[in-house]
Amino acid sequence: MPDAAHSAAVPADLVELGRIAAAYGVKGWVKVHPHSTQSEALRQVSSWWLTRPAPELARGVVASVPQAYKVLQARSQGATIVAQLAGVADRDQAEALRGYAVQVSRSEFPAADEDEYYWVDLIGCAFYTDADGEQARVGVVDGVLDNGAHAILRVVLQRAPAPGGEPEPRRDAKGRPLEMLVPFVRAHILAVDLAARRIDSNWPMEY
C-alpha cells in the first residue's frame, strides 16, 4: 500500500498533524482527526507519512518506519479531514490504518500568510514579557491550545540560568512545573521572531 518510491527516504522534519480515526465510505477513504484547527497542510500536500499506532508498539510489535502514501484527494468533513490514499482501495484496507499517526514534512507546509504562524513553529520559542519596562525571558512555549476564538500559548515558566547554565523550570510547592496561559492575540503578543525562536509580549506574570 505505501508509496514505495518514498519509503526509503524519510524526511527528518516530519510533524504529526493528526490520527486516522476510521475508514470513510467503502472505497478506501480514511477519516483523520487533526490535532489542531490548522489542517491546511493535510489538505494540500501531496504525501502523508503514516506510522504504526503506539498501542501496537506497547504490545511488543516492532516499531514501523514511517511510510509515504500519495494523497489522491483530501477535503474537510466537519471537524475532520477525509482522504483517498494511493494503494488503499477498499474499506478493509482503510480500517487497517485506524490509529496510525499522520505526519507531514514541515518543508511541504503551505506558506503562512503575513502575521500568521503554524503552531508547531511556536513551540520551543523563548517567551519574553515586560518587566520594569524591559523585556525579560520568563519561560518557553511548551504547547499551543485552541479555545475556539484564538490560539493560547502554554508557557512553562523558567528561572534565569546561572552563568553558562541552562534555564530550569520554576516549580510549585509540590514540585510541579509552573505554567501560564497566554492568548495569542495582537493585544498581548508584541513580536514573533521565528529565526531567533523568540516571542515578546506584555502579558503580566502570574507568579
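About the thresholds
Residues numbered from 1 in each chain as written. Predicted model: local features only at pLDDT ≥ 70, side-chain atom pairs only at ≥ 80, totals over all residues. Heavy atoms only, no water. Core = buried A, V, L, I, M, F, W, Y, C linked by side-chain atoms within 4.5 Å. Buried < 20%, exposed > 50% of the residue type's maximum accessible area, 1.4 Å probe, protein only. Helix = DSSP H or I, 4+ residues; strand = E, 2+ residues; numbered from the N terminus. Pairing = 2+ DSSP bridges. Axes fitted to C-alpha atoms, helices over the stretch in contact; angles between N-to-C directions. Salt bridge = Lys/Arg side-chain N within 4 Å of Asp/Glu carboxyl O. Polar contact = N/O pair within 3.5 Å; in protein donor to acceptor, adjacent residues only side chain to side chain. Contact = heavy atoms within 4.5 Å. Phe/Tyr/Trp six-rings, centres within 6.5 Å; stacked < 30°, edge-to-face > 60°. Lys NZ or Arg CZ within 6 Å of the ring centre and 35° of its normal. Patch = residues over 30% accessible without salt bridge, like charges linked within 9 Å, V, L, I, M, F, W, Y side chains within 5 Å. Areas by Shrake-Rupley, 256 points an atom, 1.4 Å probe, with all protein chains shown as cover. Lys, Arg positive; Asp, Glu negative; His and termini not counted. Charge placed at Lys NZ, Arg CZ, Asp CG, Glu CD.

A.B. asks: What is the right way to read the nonpolar core from this model?
C.D. replies: What tends to happen in soluble globular proteins is that the nonpolar side chains get buried as a cluster. Residues V30, W48, L50, L85 and L97 are the most contacted members of the largest nonpolar core, which totals 24 residues. Sorting the residues of this core by element identifies β1 (14-24), β2 (29-34), α2 (40-44), β3 (47-51), β4 (67-77), β5 (80-85) and β6 (101-105) as the ones contributing at least two each. Among the elements that line this core, the one with the most residues is β1, at four residues. Of all hydrophobic cores here, the second largest spans 19 residues; its members include L122, V138, V141 and M180.

A.B. asks: I keep staring at the sheet that holds β6 and nothing clicks. Help me out?
C.D. replies: Strand pairing in a sheet relies on backbone hydrogen bonds, with the paired strands running either antiparallel or parallel. Pairing is antiparallel in the closed barrel, where six strands are placed in the order β1-β2-β5-β4-β3-β6. Averaged over all neighbouring strand pairs, the angle between strand axes comes to 45°, with direction disregarded. Sheet analysis places β3 next to β4, joined by four bridges and oriented antiparallel. Pairing of L50 across the sheet is with Q67, part of β4.

A.B. asks: Please explain the pattern of salt bridges as it appears in this structure.
C.D. replies: In a structure, side chains of opposite charge can pair up when their charged atoms sit close to one another. According to the stated counting rule, one finds nine salt bridges in the structure shown. R198 serves as the salt-bridge partner of D200, at 2.9 Å between the closest nitrogen and oxygen. By relative accessible area, R198 is classed as partly exposed at 27%. One network of salt bridges, in which partners are shared, links R91, E95 and R98.

A.B. asks: Can you help me understand unusual backbone geometry in this one?
C.D. replies: What you tend to see is this: most non-glycine residues have negative phi, and most peptide bonds are trans. Of note in the backbone geometry, D115 takes a positive phi value of approximately 65° without being a glycine. As for its placement among the helices and strands, D115 is situated in the loop between β6 and α5 (119-122). For R197, which is not glycine, the phi torsion reads 55° and is therefore positive. Mapped onto the elements of the fold, R197 is located in the loop between β12 (189-193) and β13 (198-201).

A.B. asks: Please clarify how the side chain of T51 should be interpreted in this entry.
C.D. replies: Structurally, T51 is set in strand β3. When its relative accessible area of 17% is taken as the criterion, T51 is described as buried. A distance of 2.8 Å separates polar atoms of two side chains, one belonging to T51 and the other to Q103. T51 has contacts with S64, P66, Y100, A101 and Q103, leaving out every residue within four places of it along the chain.

A.B. asks: Any chance you could explain the packing of aromatic side chains here in plain terms?
C.D. replies: Two numbers describe a pair of aromatic rings. These are the distance of the centres and the angle of the planes. One pass over the full model with this rule turns up two aromatic pairs. A ring pair is formed by F109 and Y118, whose centres lie 4.9 Å apart and whose planes are at 70°; its orientation type is edge-to-face. With respect to class, F109 is no different from Y118; both count as buried. Over the ring of Y128 we find R198; its NZ or CZ atom is 3.6 Å from the centre of that ring.

A.B. asks: Where do I start with a negative patch on the surface in this structure?
C.D. replies: Side chains of E40, D113, E114 and E116 sit close together on the surface and give a patch of like negative charge. Position of E40 among the secondary structure elements: in helix α2. Overall, E40 belongs to the partly exposed group, its relative accessible area being 30%.

The analysis is restricted to geometry; functional conclusions fall outside its scope.
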